[in-house]
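Remarks on the overall topology
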Amino acid sequence: MPLRTEELLLNMGPQHPSTHGVLRLVVTLDGENITDVRPDIGYLHSSVEKMMEHRTYVQNVALTDRGMDYLIALNNEAAYCLAVEALAGVEVPERGRYLRVIFQELNRIASHLVWLGTWGIDLGATTLFLWCFRERERELDLFEQVTGGRLHHVYFRIGGVYADVPDGWAGACRDFLEYFLPHIDEYHQLLTQNPIFEARTRGVGVIGRREAVAMGASGPVARASGIAYDVRKAVPYEVYDRLGFDVPVQASGDCFARYLVRLEEMRQSVRIIRQALKDLPAGEFRARVPVAMKPPRGEVYVRTESPRGTLGMYVVSDGGESPYRVKIRAPSFSNLYALTEIMRGWKIADIIAILGSIDIVLSDVDR
Amino acid sequence: MTPERVAALLGRFPHLQDLSAEAAAAQAQADEAWAAKEREWQAAAAQAKAEGKPAPRPLRREDPPVHRYRTPTFEVPRDEIVDVCRWLRDNPEFDMTQLEFVSAVDWPDRLEVVYLLVSMSRAHTAVLKVPVPKDDPRIASVVDVWRGADWHEREAYDLFGITFEGHPDLRRIMMSADWKGHPLRKDYVYEDPEWLVEVATQRQREIAPTQDGERPSRA
């Protein structure tokens, strides 16, 4: 009797622990090999762009926390504030800019820790999850002392930051960095030489340099494919041009390379925060901005380097109290597209490794 | 983008309109008119002072109605968009290898499709704008130029109702497939979808008390 074979249609998600949110993948399988992937997104579509058209410029800062990527609230706030400041011609005081850099980099570390921990769980490394969240907990305490929030801070304002850091906070932050830096080496010890981890990630989910560019990948995904591009270096905003840091690049373009890039990015963030704490000038931390601000008619596009890639804000003003149109260029949206396009040909178990290595947050993809 | 590159782009595609330059010129004109007004006022004030009269009322400047562009912005005719994009990508002087997004703005009289291009090697950015009429929102797809345009065009189709001709798989991406209307249009009014209303009414009927005030038994 001849063996009958046929393709299998597998529905993955929307509720699936490894999708990091609500993402549905309709996977066509030939045995264990993936022949086609059809991603279905939009389950977390909150239409934050529409909501922004009905609120004032100042109110919208709070929306960027919730409606966009919830793990990098401060980076979202920074992108939005920078765009409105450019539109209205607001000059941010030096202290405000340094504080913003410190908090954006702290948020980058927190976000990368969540990514590393959850990806570890995806690949079966449970210890990693506990370790990463232990460090992140101390970091969230640092946030809480200043902003009062742990995830949704609403700390940045158009023109600076809401409040100055309390006395002794800078010391506590330095202590945390001191404590955190050796832990990066621990992660390396735990994973980098680990044969199981290497087998699951090395040479898996390769995306080439040309493909990455053509499909709009950015951030660590692009840098792991040999694209030495970082918005903080290319078009410096805030005070990044005064701070020394390196942009880690890997050439191989696989999951392992993306992992190495992010671990090194955490180290560079520590470097940036240390310098910023050292140079932190005294003085005003916020410019005076009217509550009912009305930027002149016009439009602006501002790009920032969020932990997931290029986060862009395109804001159009018609001279009114609320923006006429806000377009959020979400990094996860393009990165997810790029990585699901290259999933064909890999094994089914690799889907989990590849998805985790993009570091997607579905509220960033769907907005 | 340097003035030489802008000149090269406009030389190759004469139908392009340099919106940022036009806005800058209009702004300069407004500034000049204001400066002239101020000089007039100062002369009047000096004269009043010499004659011992009270100074004239100080002037208040209102923002001129100029739409300012903080990024080099070009208006492209609808039928040239793919050529312009391909040329900008392939010309090493521009090297715009990355398409950041494709989206749209809903103005009262037109829809504007917005393309944001970035060059990683040249560190410059450009916005291309294509006005399309609201009753015929069609435009050629640029998926052949940048593969990454795929989902962005689907999003613009979903939320604005712009049809990208030549797109390999133009479906809704954020809203469900049976959704009516395009939410980011300014005239969009949210209505609960009919099937949702039906489900909700049915559920209401189930839990509502019966006529004599008793709840239906769940036996």
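The structure displayed is predicted, hence computed values, not measured ones. (Residues numbered from 1 in each chain as written. Chains lettered and ligands numbered in written order. Predicted model: local features only at pLDDT ≥ 70, side-chain atom pairs only at ≥ 80, totals over all residues. Heavy atoms only, no water.)

1. Considerations on the sheet that holds strand S1 (residues 8-12) of chain A
Residue and element names in this part refer to chain A. Let me state the cut-off plainly: The rule for pairing is simple: two strands pair if DSSP sees at least two bridges between them. Secondary structure elements follow DSSP: runs of H or I no shorter than four residues count as helices, runs of E no shorter than two count as strands, and numbering proceeds from the N terminus. Here an angle of 0 to 180 degrees is reported between the N-to-C directions of two axes, which are lines fitted to C-alpha atoms, with helices fitted over the stretch in contact.
Sheet architecture is open: three strands sit in the order S1-S2-S3, paired in antiparallel fashion. If you trace the sheet from one side to the other, it starts and ends with S1 and strand S3 (33-40), each paired once. Within the sheet, the average angular offset between the axes of one strand and its neighbour, ignoring direction, is 20°. Pairing geometry for S1 and strand S2 (residues 24-30), over five bridges, is antiparallel. Looking across to S2, one finds that Met12 is bridged to Leu25.

2. Examining the environment of Phe160(B)
What counts is decided by this rule: Only heavy atoms enter the contact rule, under which two residues are in contact if any of them lie within 4.5 Å.
In this structure, Phe160(B) sits in helix H4 (residues 149-160). Other than its neighbours up to four places away in sequence, Phe160(B) contacts Arg325(A), Ser103(B), Ala104(B), Val105(B), Asp106(B), Leu111(B), Glu155(B), His182(B), Leu184(B) and Arg185(B).

3. Structural notes on the packing of aromatic side chains
Residues and elements named next belong to chain B. For the record, the criterion: Here a Phe, Tyr or Trp ring, Trp counted by its six-membered ring, pairs with any other such ring whose centre lies within 6.5 Å, and the pair is stacked when the planes are under 30 degrees apart, edge-to-face when over 60, and tilted otherwise. Buried means the residue's accessible area, taken with a 1.4 Å probe over protein chains only, is under 20% of the maximum for its type, while exposed means over 50%, and partly exposed covers the values in between. Lysine NZ or arginine CZ positioned within 6 Å of the ring centre and within 35 degrees of the ring normal marks a charge as sitting over the ring.
This model, assessed by the stated rule, comprises 23 aromatic pairs over all chains. Here Trp87 and Phe94 contribute two aromatic rings whose centre-to-centre distance is 5.2 Å and whose plane-to-plane angle is 50°, an arrangement assigned as tilted. Classification of Phe94 by relative accessible area gives buried; the value is 1%. The ring centre of Phe13 lies 4.4 Å from the NZ or CZ of Arg12, which sits over that ring.

4. Digging into the pattern of salt bridges
This is how the line gets drawn: Here, a salt bridge means any side-chain nitrogen of Lys or Arg that lies within 4 Å of a carboxyl oxygen of Asp or Glu.
For the structure shown, the criterion picks out 48 salt bridges over all chains. With its nearest N and O atoms 3.0 Å apart, the salt bridge here joins Lys129(B) to Glu299(A). With one member in each of two chains, Lys129(B) in strand S6 (residues 124-132) and Glu299(A) in strand S6 (residues 298-306) form a pair that bridges those chains. You'll find Lys129(B) and Glu299(A) in the same group, each marked buried.

5. Details of the packing of helix H2 (residues 60-67) of chain A against helix H3 (residues 73-88) of chain A
Residue and element names in this part refer to chain A. To keep things clear, this is the line we draw: Orientation categories follow fixed angle ranges, with anything under 35 degrees roughly parallel, anything over 145 roughly antiparallel, 65 to 115 roughly perpendicular, and all other angles oblique. Each crossing gets its hand from how the near helix is turned against the far one by less than a right angle, where anticlockwise is left-handed and clockwise is right-handed.
Where H2 contacts H3, the two axes come as close as 8 Å, and the packing angle between them is 140°. The pairing of H2 with H3 is recorded here as oblique in orientation. In this structure, H2 meets H3 at a crossing whose hand is right-handed. Of the residues in H3, those in contact with Asn60, Val61, Thr64 and Asp65 of H2 are Ala73, Asn76, Glu77, Tyr80 and Cys81.

6. With respect to helix H5 (residues 126-147) of chain A
Residue and element names in this part refer to chain A. The condition is simple: Under the convention used throughout, the expected extent of a helix is 1.5 Å for every residue step, that is, one less than its residue count. This arc is built from the directions going out from the helix axis to the C-beta atoms.
The first and last C-alpha atoms of H5 sit 31 Å apart over 22 residues, in line with the 32 Å expected at 1.5 Å per residue. Among the residues making up H5, those that are buried are Leu128, Cys132, Glu135, Arg136, Glu139, Leu140, Leu142, Phe143, Val146 and Thr147. For H5, the angular spread of the buried residues around the axis is 155°, confining them to a single face. Where the residues of H5 are buried, they touch H3, helix H4 (94-122) and helix H6 (169-191).

7. Digging into the sheet that holds strand S2 (residues 68-69) of chain B
Spatial strand order, S8(A)-S7(A)-S6(A)-S2(B): four strands in an open sheet with mixed pairing. Each of the sheet's edge strands pairs with one partner strand only, and the pair in question is strand S8 (325-329) of chain A together with S2 of chain B. Both strand S7 (residues 309-317) of chain A and S8(A) contribute to a ladder of five bridges, which runs antiparallel. Looking across to S8(A), one finds that Tyr314(A) is bridged to Lys327(A).

8. Remarks on the interface of chain A and chain B
Stated precisely, the cut-off is as follows: Note on definitions: buried area is the accessible-area loss of two parts on being combined, 1.4 Å probe, summed for both. Pairing of N or O atoms within 3.5 Å defines a polar contact, subject to two protein rules: one partner must be a possible hydrogen donor and the other a possible acceptor, and residues neighboring in sequence count only if both atoms are side-chain atoms. Residues were grouped as follows: Ala, Val, Leu, Ile, Met, Phe, Trp, Tyr, Cys and Pro as nonpolar; Asp, Glu, Lys and Arg as charged; and all remaining residues, including Gly, as polar.
Taken together, the contact between chain A and chain B spans 43 residues of the former and 43 residues of the latter. It is Glu299(A), Tyr324(A) and Tyr337(A) that lose the most area in chain A upon contact with chain B, and together they represent 17% of the buried surface on that side. Summed over the shared surface of chain A and chain B, the number is 26 residue pairs in polar contact (both at pLDDT 80 or more). Ranked by residue count, the leading element in the side of chain A that touches chain B is helix H12 (residues 331-341) of chain A, at six residues. Partitioned by chemical class, the residues of the side of chain A that touches chain B number 21 nonpolar, eight polar and 14 charged. Bridging between S6(A) and S2(B) involves two bridges; their strand directions are parallel. Bridge pairing in S2(B) places Glu299(A) opposite Tyr69(B).

9. Observations concerning a nonpolar patch on the surface
What counts here: Within the patch definition used here, like charges are joined within 9 Å and nonpolar side chains (Val, Leu, Ile, Met, Phe, Trp, Tyr) within 5 Å, considering only residues with over 30% relative accessible area and no salt bridge. Only the protein chains shown count as cover for residues, with accessible areas throughout obtained via the Shrake-Rupley method and a probe of 1.4 Å.
There is a patch of nonpolar side chains on the surface, built from Tyr190(B), Trp195(B), Leu196(B) and Val199(B) and spanning about 400 Å² of accessible area. Tracing the chain through its elements places Trp195(B) in helix H5 (residues 194-207).

10. Quick word on the confidence of the model for chain A
Quick note on the threshold: Each residue carries a pLDDT value, the predictor's own confidence for that position, ranging from 0 to 100.
Summing up the model confidence of chain A, the mean pLDDT is 88 and the portion of residues at 70 or higher is 100%. When mean pLDDT is taken per element in chain A, S8(A) scores highest with 92 and S1(A) scores lowest with 84.

11. A few points about the environment of Val84(B)
All names here are of chain B. With respect to the helices, strands and loops of the structure, Val84 is situated in helix H3 (residues 81-90). A relative accessible area of 0% places Val84 in the buried class. For the pair formed by Val84 and Arg12, sequence separation is 72 residues and the distance between their alpha carbons is 9.1 Å.

12. Observations regarding the pairing of strand S5 (residues 111-119) of chain B
Residue and element names in this part refer to chain B. Most of S5 is tucked away, with nine of its nine residues classed as buried. Burial along S5 is two-sided: the residues Leu111, Val113, Tyr115, Leu117 and Ser119 and Glu112, Val114, Leu116 and Val118 are all buried. Where strand S4 (residues 98-106) folds back on S5, the antiparallel hairpin that results is connected by four residues. Strand direction decides the pairing type here: S5 and S6, joined by nine bridges, are antiparallel. Bridge pairing links Tyr115 to Leu128 in S6.

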